[in-house]
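Chains, contacts and geometry: an overview
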Amino acid sequence: MMMQVAMALKPPSFRILRKNPQRFRTSPTRIRYASLSVWASTESLADPPPSLFLGYSTRTDFPILHQEVNGSKLIYLDNAATSQKPSAVLKAIQYYYESYNSNVHRGIHYLSARATEEYELARKKVASFINASDSREIIFTRNATEAINLFALSWGLQNLKQGDEVILTVAEHHSVIAPMLDTAKKTGAVLKYVSLNEDGVPDVNMFKQLMSTKTKLVIVHHVSNMLGSALPIEDVVVWAHDVGAIVLVDACQSVPHMVVDVQKINADFLVASSHKMCGPTGIGFLYGKYHHLSAMPPVLGGGEMVADVFLDHYTYADPPSRFEAGTPAIGEAIGLGAAIDYLSGIGMQRIHDYEVELAKYLYESLGTVPGIRIYGPAPSENVYRAALCSFNVENIHPTDIATFLDQQHGVAIRSGHHCAQPLHRVLDVNASARASLYFYNTREEIDNFIHALNDTVSFFNSFK
Amino acid sequence: MNSSSTITTSTHFHSSSSCTKILRKRYDNYETRHSALKFNAENEKNKFLILSLKSIKNYGFSPKSPSKLHARNPSLPAEVEFERPLETDGLVVADKLQLLVLEFKSLDEPLDRVKRLLHYAAILPPYDESARVAENRVVGCATQVWLEVEMDDLGRMRFRADSDSEISKGFCSCLIWMLDGAKPEEVSEMRAEDLEHVNVGLYVKANSRVNTWQNVLISMQKRTKALVMERGGKNPPLLEPLPSLIVNHGSSAEAQGCLFPTRLVLPELQTFDERQSLMSK
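Everything numeric here is computed off the predicted structure, so don't read it as measured data. (Residues numbered from 1 in each chain as written. Chains lettered and ligands numbered in written order. Predicted model: local features only at pLDDT ≥ 70, side-chain atom pairs only at ≥ 80, totals over all residues. Heavy atoms only, no water.)

**Let's talk about the nonpolar core**
General note: in soluble globular proteins, nonpolar side chains tend to be found buried as a group. All names here are of chain A. Counting 147 residues, the largest nonpolar core has Ile 413, Phe 439 and Phe 449 as its most contacted members. Looking at which element gives the most residues to this core, the answer is helix H14 (residues 330-346), with ten residues. If we skip the residues at most four places from it in the chain, Phe 449 touches Ile 75, Leu 77, Leu 362, Leu 366, Phe 391, Leu 405, Val 411, Ile 413 and Ala 435. With 29 residues, the next largest nonpolar core counts Ile 139, Ile 177, Met 180 and Val 271 among its residues. (Core = buried A, V, L, I, M, F, W, Y, C linked by side-chain atoms within 4.5 Å. Buried < 20%, exposed > 50% of the residue type's maximum accessible area, 1.4 Å probe, protein only. Helix = DSSP H or I, 4+ residues; strand = E, 2+ residues; numbered from the N terminus. Contact = heavy atoms within 4.5 Å.)

What follows is the structure in structure tokens.
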């Protein structure tokens, strides 16, 4: 049935409708009704969920998706690693380099002023996107990893002391664990890990058990890149603040997929990366409450981060400049701004709703594959699951599965430990395969992926 | 399943090449029959060379050159190999490389290349569980590969490897077929780029942290160099300083990146084409 629905949603007229993304942004309801009329004319079905169309209506914005890989139509299911970029982002970057490429905060000439304006506008767009109260709370970094390292080297070394405790979960990304191990080693702080409960997700109750007056920092993911589970982050923040600890949220897997409101979450710090949310690589950001940022020392010295420089000393500038030494990634920041425009045009709630449906469909479809083990929670009305599934198939290495899927079916998935080795050890596996979706994926692609996976499993089992 | 050595040649050998003449002469001495393996029948169209290495398991070094590793050289049947040292068997590493590349080049379909690799994986002798230890790990981000390297009394390199991935195991099997029993300098001369045409999985050209070909080959070369230095009375270099970097903080954490060290400083390397050209002179 779903296959039929998917097929019915593929008339060329959709491509025409989405030819102008700007029009879509300014008038989403128009598209929605247009889509429905196509539905009605082809299937004569009443009132299908409008979000079902999102994958088809946005695909045309992503030129890269329309290609063959190894002789098969590309099915890109590695979005948790990086997302694809819509034409609007590509054009914004090209336009920057063609029209006003210049260094920022440096020259008084026209191009520099324009570049500065656009660069700072991008910062405002990020702030608005996550509802930060002030764009000065957004520090541009190379990526989320650098944002966490910046935090660890600045706030961590300044504030953590011998015997202080830091709470993480075993499901954290290496980009959290490695810098915190370094920080703990330098400061004498102790890392405490929340483990998984019997349902295979981080044990929320353990947060409360681990927290004490010794706790100075809670640094955790919002959505797990391997399990697809989400932490009740607002509760975690309340518990942490109750004991006087601050919280950094690794929001790399949530900011691209849902409405994230830093004021509502009330986290002290939050990081995310551009490339997972339709923006270019080479840029991410650290959000921090301004009173925290203004009390933190810089990590890198250089141009832009200084107030006054003398031969024997210098004073540093206020945030965000304090943390952005040297020429920043101007074109990338502008590209990120364009990505935010694009996502906002669709609507993050709409993207989230669509992905919740896709997540459920992916999970249920994968469950039909013989010998499969899917990690993380089963999605339900009460249990959120991100649109990604890490899995293993009995007696077949996930990398072999990924290789075969790529070579024979043009399906791009991730295999390995997804930069979460400790979590894999807890789950007693060395590696897993992961299919991760974004709003431009469709149910039809999931059907084709499942078909390809079944073929892959049959192939390898035939060699046993 | 027939477990004896099976080498099938076709009429498509390039007779102008002295190398292939030598090889052909050698193979003509072997029993020629179709492999019982299922994939053989699928590639009749352009099959010009199929090496079935099913009998590797039975091969062993001469007792005159004992090695702690269970040595094998799949290019030769056990009874032949047993009688003569490897240096005189005529199949030098460059020959084997050429054969392997020709073999995979002849397979147009990616599926057939995967099948061939899985075949090679299947014939890699069972690996001792006790050797699956951290010291033997070739660090790659996607699969686990274990590698043991020794130098035998005649100064030849002996390799054993295993992986939890069948495809990676196939890569190991091919590398071992080419390099097991080779001289250290032959091991050093092998270049990952030469394996480009095997073209299964990740493109060999990609200098990626998940490139098993490159990971295993570089590991073989580094450990070979260390053993050569050790035998020469020099202190061996620190092995794999980057890929296997372990940062201990009470609880240990493996470094996230599997960075590739700068290529070893090796004797001037010849490209495959240069070697081919030399061989045909």
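We are not done yet, so read on.
**Describing the sheet that holds strand S16 (residues 414-416) of chain A**
All names here are of chain A. Strand order in the open sheet made by the four strands is S13-S14-S17-S16, with antiparallel pairing throughout. Two strands bound the open sheet, and with one partner strand each, they are strand S13 (372-374) and S16. Sheet twist, expressed as the mean angle between neighbouring strand axes with direction ignored, is 30°. Contacts from helix H15 (residues 348-366) reach S13, strand S14 (388-393) and strand S17 (432-436) within the one sheet, and its direction differs from that of S14 by about 10°. Lying over the sheet, helix H16 (residues 398-409) contacts S14, S16 and S17, oriented at roughly 155° with respect to S16. (Pairing = 2+ DSSP bridges. Axes fitted to C-alpha atoms, helices over the stretch in contact; angles between N-to-C directions.)

**Looking at the side chain of Glu445(A)**
All names here are of chain A. Structurally, Glu 445 can be placed in helix H18 (residues 443-461). Among the residues examined, Glu 445 registers a relative accessible area of 7% and is labelled buried. Only 3.1 Å separates the side chain of Glu 445 from the backbone nitrogen of Thr 442, close enough to count as a polar contact. Those residues within four positions of Glu 445 in sequence are excluded, and the remaining contacts are Arg 59, Leu 74, Ile 75, Tyr 76 and Tyr 440. (Polar contact = N/O pair within 3.5 Å; in protein donor to acceptor, adjacent residues only side chain to side chain.)

**Brief notes about the pairing of strand S10 (residues 284-288) of chain A**
All names here are of chain A. Judged by how many residues are buried, S10 sits mostly within the fold: five of five residues are covered. Neither face of S10 is open: one carries Gly 284, Leu 286 and Gly 288, the other Phe 285 and Tyr 287, and all of them are buried. Where strand S4 (residues 138-141) and S10 come together, four bridges link them in antiparallel fashion. Bridge pairing in S10 links Ile 138 to Tyr 287. By the bridge criterion, five bridges tie strand S9 (residues 269-273) to S10 in an arrangement that is antiparallel.

**Observations regarding the packing of helix H7 (residues 110-129) of chain A against H14(A)**
Residue and element names in this part refer to chain A. In the contact formed by H7 and H14, the axes pass within 8 Å of each other and the chain directions differ by 40°. Here H14 runs oblique to H7, going by the angle between their axes. Crossing geometry of H7 relative to H14 is assigned as left-handed. Contacts between H7 and H14 pair Glu 118, Tyr 119, Ala 122, Lys 125, Val 126 and Phe 129 from the former with Ile 330, Ala 333, Ile 334, Leu 336, Gly 337, Ala 338, Ile 340, Asp 341, Leu 343 and Ser 344 from the latter. Grouping the constituent residues of the contact of H7 with H14 by class yields eleven nonpolar, two polar and three charged. (Parallel < 35°, antiparallel > 145°, perpendicular 65-115°, else oblique. Left-handed = near helix turned anticlockwise from the far one by under 90°. Nonpolar A, V, L, I, M, F, W, Y, C, P; charged D, E, K, R; others polar.)

**Quick notes on the UniProt feature "domain: Aminotransferase class V" (unreviewed entry) in chain A**
The UniProt entry lists residues 75-449 of chain A under the feature "domain: Aminotransferase class V" (unreviewed entry), expressed in the numbering used here. In residues 75-449 of chain A, the share of helix is 40% and the share of strand is 17%. The end C-alpha atoms are 8 Å apart. (UniProt positions renumbered as here; feature names shortened; annotations may be inferred.)

**A look at the side chain of His352(A)**
Along the chain, His352(A) falls in helix H15. With sequence-adjacent residues up to four places away left out, His352(A) is seen in contact with His257(A), Met258(A) and Tyr384(A).

**A look at the sheet that holds strand S7 (residues 215-221) of chain A**
By way of backbone hydrogen bonds, the strands of a sheet pair with one another, either parallel or antiparallel. Residue and element names in this part refer to chain A. The seven strands lie next to each other as S4-S10-S9-S8-S7-S5-S6, forming an open sheet whose pairing is mixed. Sheet topology places S4 and strand S6 (190-194) at the edges, where each strand pairs with a single neighbour. The average undirected angle you get between the axes of adjacent strands in this sheet is 20°. Relative to the sheet, helix H11 (residues 233-242) contacts S7 and strand S8 (246-250), its axis offset from that of S7 by approximately 170°.

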